[in-house]
Amino acid sequence: MPAIVGVVQVISIGSSSVLNIGDVYKIMPLANAKTFSGAGSFNTGDGLYVNNHYSSTNTYDQDYLDQGNFLNV
């Protein structure tokens, strides 16, 4: 069934974003990310006191390969 779309204004689109106007069967954005986080990285709230003496994050990845988006096309 066709869609009737009026005026559309797009300000910005990110590098792994999807913009759809009208009918669509399947939307599958492809993106990969690897996040390294140390002690106290994702704390949220009011009045936090985080005490991390001698903390370090090991970012060495010995297998060189992570699960990817190989068959998601």
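The text that follows walks through the structure, step by step, so that each part is easy to find. (Residues numbered from 1 in each chain as written. Predicted model: local features only at pLDDT ≥ 70, side-chain atom pairs only at ≥ 80, totals over all residues. Heavy atoms only, no water.)

What follows covers the overall build of the protein chain. A count of helical and extended segments in the protein chain gives 0 helices and 0 strands. For 73 residues, the compact-globule formula gives about 11 Å, and the C-alpha radius of gyration of the protein chain, at 21 Å, lies well above that figure. Referenced to the eigenvectors of the C-alpha coordinate spread, the extents of the protein chain come out at roughly 60 × 40 × 20 Å. In the protein chain, buried positions account for 0% of the 73 residues. A total of about 7,300 Å² of accessible surface is found on the protein chain, and carbon and sulfur atoms cover 51% of it. (Helix = DSSP H or I, 4+ residues; strand = E, 2+ residues; numbered from the N terminus. Rg over C-alpha atoms; globule rule 2.2 N^0.38 Å. Buried < 20%, exposed > 50% of the residue type's maximum accessible area, 1.4 Å probe, protein only. Areas by Shrake-Rupley, 256 points an atom, 1.4 Å probe, with all protein chains shown as cover.)

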